[in-house]
Amino acid sequence: MTDVATHAATSPRFKDNAKSALADADLQNALKFVEVNFIARRREAAERLPEFDALRDSARDIKDHTLAHLDLYLEAYENRVVERGGHVHYAVTGEDARQIILDICRKLGARTVTKGKSMVAEEIGLNDFLAAQGITPIETDLGEYIIQLRHEMPSHIIAPAVHLTKAQIESDFRRVHAHLPAGRNLVEPTSLLTEARAVLREKFLAADVGITGANFLVAETGSSVIITNEGNGDLTQTLPKAHIVLASIEKLVPTLEDLSQLLRVLARSATGQDMSVYTTLSTGPRRPDDPDGPGEYHVVLLDNGRSSMLAGEFRDMLRCIRCGACMNHCPIYHAVGGHAYGWVYPGPMGAVLTPSLIGIDKAGHLPNASTFCGRCEEVCPVRIPLPRMMRSWREREFEQHLSPATVRSGLAFWGFFAKRPWLYGVATALAARLLALAGRTRGRFSWLPLASGWTRHRDFPAPQGGTFQAQWNRQRGRLARPVGQADGPNL
Amino acid sequence: MVRRIGLLVTCLVDLIRPSVGFATAKLMEDAGCIVEVPRQSCCGQPAFNSGDRTAAREIARQVIEAFAPYEYVVVPSGSCAGMLKVHYPELFRGDPNWQPRADAFAEKTYELVSFLVDVCRVDRVAARVEAVATYHDSCSSLRELGVRDQPRRLLATVQGLRLTEMRDADVCCGFGGAFCVKYPEISNAIVSKKAAAIAATGADLLLAGDLGCLMNMAGKLQRDGANIAVRHVAEVLAGMTQEPAIGMPAGPPPCSPPHAAESREGEVKR
Amino acid sequence: MTPRELVLATVRRSLGVTGAEATRRSEVAARLAGHPPGVVPERGQLEPAGRLDLFARMVKAAAGTVERVADMAEIPAAVAAFLRGHNLPLAIRHGGDPLLSSAPWKLAGTLEIRQGASDGADLAAVSHAFAAVAETGTLVLTSGADNPTTLNFLPDVHIVVVDACDVVSDFESAMARLRSRFGAGVMPRAVNMITGPSRSADIEQTLILGAHGPRKLHVIVVGKP
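Just so it is clear, the structure is predicted and the values come from calculations on it, not from any experiment.

**Focus on the overall build of chain A**
Scanning chain A from N- to C-terminus turns up 24 helices and 12 strands. Its C-alpha atoms give chain A principal-axis dimensions of about 90 × 60 × 45 Å. Here the contacts in chain A between residues at least 6 apart in sequence split such that 75% fall between residues at least 24 apart.

Written out as structure tokens, the structure reads:
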């Protein structure tokens, strides 16, 4: 289990987070863009490629094969990196990874580091840690830069600032870029981007170390692969003295051909592009005749509980390639956004992964806050059975007696009757009659005891009166006798 | 060929809206099936989705036994049919005695409309319902069972009915079983969008194949004051719309579903 | 145990293996050596002329621009025309690439040529692509003195020259070319696969070109396939 000292999870307060999110007008405006754009773009991209579903199968199989042989692919990958003059560091925990990165920075006398977008860096709380050690981390992905200015976590794994409106971003830029003329026009997104580009260009050129994540690690060649649209990851890793790749161990793929399969599903699932603009394979440090590139190349391989996940029912989660399609299609995410989930990974993938990383005792709400609508699994490029795994977490929770007492006692009460069909028949017949009588005039209830969660927002229909089974029985003769079970009294 | 059907009516239909059960029975009988109703409670989904596998298994065994005598099990609900067809086998995976039984049970289980279209090869109904209707795809029907075109195909043959598609018909209504009471605010946000999409079609009738979703959407539409009748798709296909719509008061004489079942005009043609 | 040993040991315990199993080892070795292809889309499987058309179409779909010239002698004029057309100063930077160095730049008159890696001061750079992928309109550039990586990212305008013969159908073909050029399992320091100019949609999902990399990407395809 990771230490989350620097990244306190608010997942236990999911319900409160969700309530505030629903009341946040700016957030609700921003979320509208997710629902419309991402979904339509993905669908169009998938429709343009007849082999898309076959590629999803292929992508799933590649990840499954790699995970089943992960020890051997890690060794092969490591050998290649070392052959090309790079360094590989294994980190068991987030704390280990932070220390390794700090040591590299210290050795180089680094004062500023530029960063490409990395969810693993968020997972280990790298920025706060480096800052506390006197090293200034600068996020360079536009969205990450914006949320760094606001001291926020990303609310989406590929669009970190998707929860913000341009007006909010404008006011942050005016606050932080105080050296620029106050009268400048920042109304259009283009002007905001141009300003960020200029500010960050200086940072790129001045940075001592560049830290990126990796979308994939290729065992065949010892390459780390980053995929961006902005080009920030490339400036981050090309210009400084050293490039540090921070990647979790499940990012391995065997070969360049396997990489090609995954590339074909990643961008299409994420943004609906056929390819993201920049896909870069980096292999080792600057070569003797290279005019540019980093002098040192380090890979920090983070485990942080993943090697244990390989053993159990959550192994499939390690196939995840972080495209964000699950959250883009999630009605819960559309309603409350990413921050409500309370930690680094939001949406359906977060609802499965977060309990593995910070504990089901803290993240119990996440796999429960799902209608099991199944849209996430339907769009997942590596076909992760997300609803099934959310249910597995609910089972763990139930087994460990972590489910709320009200849920457990309600379930026990219901189960008592459900397991005794004839008694169930008596009870429901009575309930149906009483409720029907009470609700006859209006046909529905606007308040019911024990159902305020429902009736606070909706009416509840009154039963028609008499259960189906009782009426059927009256009309058609006695109920068919269940096999091997004594018949109860007829109603 | 006469098919002997065990009707699993679902606990919600049993308790709240028996007329859906009678409409289901009529549709199947019109398709030449013999319908029986073994004593039943619930499919076990509440336990299964709450993480109580033991209780879910116990109930599943009971259901499998109760329906053992039947050639087919038909369910007027995508989510309960999905439980029987997709999740029962999952519950007993690796159990030498029960896995084969659960697999065989899954094999013979169908959601009502897909049973009519895919098994009985019904291609039209003789019902007449004057309305502009919009159809909501319940998540389980659509994504667990692949039911999408079947209801639309049959609804297109209902006289007087015009079908109009809502935006995002395939998006969850926010019901989600216990979800809607565990996370009522989120559920409300989702069903509010759904209600808006329904209202935007101008339809005066909302249809779906799952009573849970229907109650959720009807409850929201009615709370919002929208004048849209809400019914289970079986009621319309069977031409049994004499009963007040979901959540609507019974006009005099007070509701009496068994009689309604006799006074229908619709008839299923094969 | 070192962290490395600890991670590998946990992986193996979770997988229920020792790491010494001959079948697993040979399976992995065979995959790495044989690199079997997976699903390769039909889209790019065209005869050479169709492949070039597809490539051009896909570059444009990614907001890049494309032109075709008969041979290298036409490159200087094409570059100069592009810069003039966008009101840019007539100055470019390129690396030591033999093909680019051999172009008759003097024919473009006042075009100013600088060589080597970029320090960020250049407005326009010219690179020679190692290959291009028709399937998605993707350019494949390799690092080194011939085509420094900084030229791909720092200038506002990136002009990329690609030989028509180097436009391949799919990624697998590009990967095969990398292997045959650099050796099995060996890669240049950086392989940049570029599909269109830099962009961001991080502000209200409004797509804007020119985030941190080039605002414009112009591809010049030379010769016939």
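**Comments concerning the domain arrangement of chain C**
One can read the domain layout of chain C as domain 1 (1–34) and domain 2 (43–222). Taken over C-alpha atoms, the centre of domain 1 of chain C sits 41 Å from the centre of domain 2 of chain C.

**Regarding the domain arrangement of chain A**
As a measure of interface size, the accessible area lost when the parts come together is often cited. When the domains of chain A are assigned, the result is domain 1 (11–309) and domain 2 (421–476). Computed from C-alpha coordinates alone, the two centres of domain 1 of chain A and domain 2 of chain A are separated by 54 Å.

**Describing the sheet that holds strand 5 (residues 131–133) of chain C**
Within a sheet, neighbouring strands are paired by backbone hydrogen bonds and run either parallel or antiparallel to one another. Judged by pairing direction, the sheet is mixed, and its eight strands sit side by side in the order 8(A)-5(A)-6(A)-9(A)-9(C)-6(C)-5(C)-8(C) without closing on themselves. Strands with a single pairing partner mark the edges of an open sheet, and in this sheet they are strand 8 (252–253) of chain A together with strand 8 (167–168) of chain C. Pairing between strand 5 (residues 216–218) of chain A and strand 8 of chain A: two bridges, direction parallel. Within strand 8 of chain A, the position partnered with valine 218 of chain A by the bridge is valine 253 of chain A. Sitting on the sheet, helix 12 (residues 256–270) of chain A is in contact with strand 5, strand 6 (223–228), strand 8 and strand 9 (278–282) of chain A, with an inclination near 165° to strand 5 of chain A.

**Quick notes on the packing of helix 4 (residues 70–83) of chain A against helix 1 (residues 3–15) of chain C**
At a closest axis distance of 9 Å, the pairing of helix 4 of chain A and helix 1 of chain C adopts a crossing angle of 150°. The orientation of helix 4 of chain A relative to helix 1 of chain C falls into the category roughly antiparallel. Residue-level contacts link Leu70, Asp71 and Leu74 of chain A of helix 4 of chain A to Leu8, Val11 and Arg12 of chain C of helix 1 of chain C. Tallied by class, the residues present in the contact of helix 4 of chain A with helix 1 of chain C amount to four nonpolar, no polar and two charged.

**As for the nonpolar core**
Within the largest apolar cluster, 304 residues are counted, with the highest numbers of intra-cluster contacts made by Leu246 and Val300 of chain A, Met217 of chain B together with Val140 of chain C. Contacts of valine 300 of chain A, omitting those with residues within four sequence positions, involve His89, Ala91, Ala97, Ile100, Ile101, Ile244, Val245 and Leu246 of chain A.

**Examining the interface of chain C and chain A**
In this complex, chain C contributes 61 residues to the contact, which on the side of chain A involves 78 residues. Elements represented by at least two residues in the side of chain C that touches chain A include exactly helix 1, helix 2 (22–34), helix 6 (150–153), helix 7 (171–182), strand 9 (190–194) and strand 10 (199–200) of chain C. For the side of chain C that touches chain A, the element with the highest residue contribution is helix 1 of chain C, accounting for 10 residues. Residues belonging to the side of chain C that touches chain A are distributed by class as follows: 26 nonpolar, 23 polar and 12 charged. Bridge analysis of strand 9 of chain A against strand 9 of chain C gives five bridges, and the strand direction is antiparallel. Among the inter-strand pairings, tyrosine 278 of chain A is bridged to a residue of strand 9 of chain C, identified as isoleucine 194 of chain C.

**Topic: helix 2 (residues 25–48) of chain A**
Residues and elements named next belong to chain A. In this model helix 2 runs 36 Å from its N-terminal to its C-terminal C-alpha over 24 residues, within 8% of the 34 Å that 1.5 Å per residue would give. Within the span of helix 2, buried status applies to Leu27, Ala30, Leu31, Val34, Asn37, Phe38 and Arg42. Buried residues along helix 2 sit in contact with helix 1 (14–23), helix 12, helix 14 (325–328), helix 15 (331–336) and helix 19 (375–379).

**Here we look at the confidence of the model for chain C**
When pLDDT is averaged across chain C, the result is 97; 100% of the residues are at 70 or more. Scored as a whole, the predicted complex attains pTM 0.94, and scored at its interfaces, ipTM 0.98.

**Some thoughts on the confidence of the model for chain A**
Residue and element names in this part refer to chain A. Confidence in the prediction for chain A averages 93 pLDDT; 96% of positions are at 70 or higher. Long-range and interchain partners of residues 1–6, a stretch whose pLDDT sits below 50, account for 17 contacts in this model, where long-range means more than four residues apart. Across residues 481–491 the pLDDT falls below 50, and counting only partners more than four positions away or on other chains, this stretch makes 22 contacts in the model.

**Regarding helix 7 (residues 112–119) of chain B**
Residues and elements named next belong to chain B. Of the residues making up helix 7, those classed as buried are Leu112, Val113, Ser114, Phe115 and Leu116. Buried residues along helix 7 sit in contact with helix 2 (18–30), strand 3 (72–75), strand 4 (109–111), helix 9 (149–155) and helix 13 (233–237). Just downstream of helix 7, arginine 121 is the residue with a positive phi angle, here 60°.

**Section: the environment of threonine 142 of chain C**
Residues and elements named next belong to chain C. Within the secondary structure layout, threonine 142 lies in strand 6 (residues 138–142). Taking the C-alpha atoms as reference, threonine 142 lies 9.2 Å from alanine 131; in sequence the two are 11 residues apart. If sequence neighbours within four positions are ignored, threonine 142 has contacts with Phe130, Asn147, Pro188 and Val191.

**Topic: the sheet that holds strand 7 (residues 159–163) of chain B**
All names here are of chain B. Spatially, the four strands line up as an open sheet ordered 7-6-8-9, and their pairing is parallel. The open sheet is flanked by strand 7 and strand 9 (229–232), the only strands paired with a single partner. Taken over all neighbouring pairs, the strand axes of this sheet differ in orientation by 35° on average, direction set aside. Sheet analysis places strand 6 (residues 128–135) next to strand 8 (residues 205–208), joined by three bridges and oriented parallel. Residue pairing across strands places alanine 133 opposite leucine 205, the latter belonging to strand 8.

**Observations regarding the environment of leucine 123 of chain C**
All names here are of chain C. Within the secondary structure layout, leucine 123 lies in the loop between strand 3 (112–115) and strand 4 (124–128). Residues leucine 123 and leucine 154 lie 31 residues apart in sequence; the distance between their C-alpha atoms is 8.2 Å. Setting aside its immediate chain neighbours within four residues, leucine 123 contacts Leu88, Pro89, Ala91, Pro155, Asp156 and Val157.

**Thoughts on the pairing of strand 8 of chain B**
Residues and elements named next belong to chain B. Taking every second residue as pointing to the same face, both faces of strand 8 are buried, with Leu205 and Leu207 on one and Leu206 and Ala208 on the other. With four bridges connecting them, strand 8 and strand 9 associate as parallel partners. Residue leucine 206 lies in a different strand from strand 9, and its bridge partner there is valine 230. Following the backbone out of strand 8, through helix 12 (residues 211–223) and into the adjacent parallel strand 9, one traces a crossover that is right-handed.

**Remarks on unusual backbone geometry**
Backbone geometry follows two general trends: most residues other than glycine have a negative phi, and most peptide bonds adopt the trans configuration. The phi torsion at arginine 322 of chain A lies on the positive side, around 60°, for a residue other than glycine. By secondary structure assignment, the location of arginine 322 of chain A is in the loop between helix 13 (306–309) and helix 14. A positive phi is found at threonine 10 of chain B, a non-glycine position, where the angle reads about 80°. Summarising the element assignment, threonine 10 of chain B is placed in the loop between strand 1 (3–7) and helix 1 (11–15). Taking the C-beta count within 10 Å as the criterion, threonine 10 of chain B has 28 such neighbours and is therefore assigned buried.

The rules behind the values
Residues numbered from 1 in each chain as written. Chains lettered and ligands numbered in written order. Predicted model: local features only at pLDDT ≥ 70, side-chain atom pairs only at ≥ 80, totals over all residues. Helix = DSSP H or I, 4+ residues; strand = E, 2+ residues; numbered from the N terminus. Contact = placed C-beta atoms within 7 Å. Domains from an automatic or database assignment. Pairing = 2+ DSSP bridges. Axes fitted to C-alpha atoms, helices over the stretch in contact; angles between N-to-C directions. Parallel < 35°, antiparallel > 145°, perpendicular 65-115°, else oblique. Nonpolar A, V, L, I, M, F, W, Y, C, P; charged D, E, K, R; others polar. Core = buried A, V, L, I, M, F, W, Y, C linked by C-beta atoms within 7 Å. Buried ≥ 20, exposed ≤ 12 C-beta atoms within 10 Å, placed from the backbone. Expected span 1.5 Å × (residues − 1). pLDDT = per-residue confidence, 0-100. Right-handed = clockwise from strand over helix to strand, strands pointing away.

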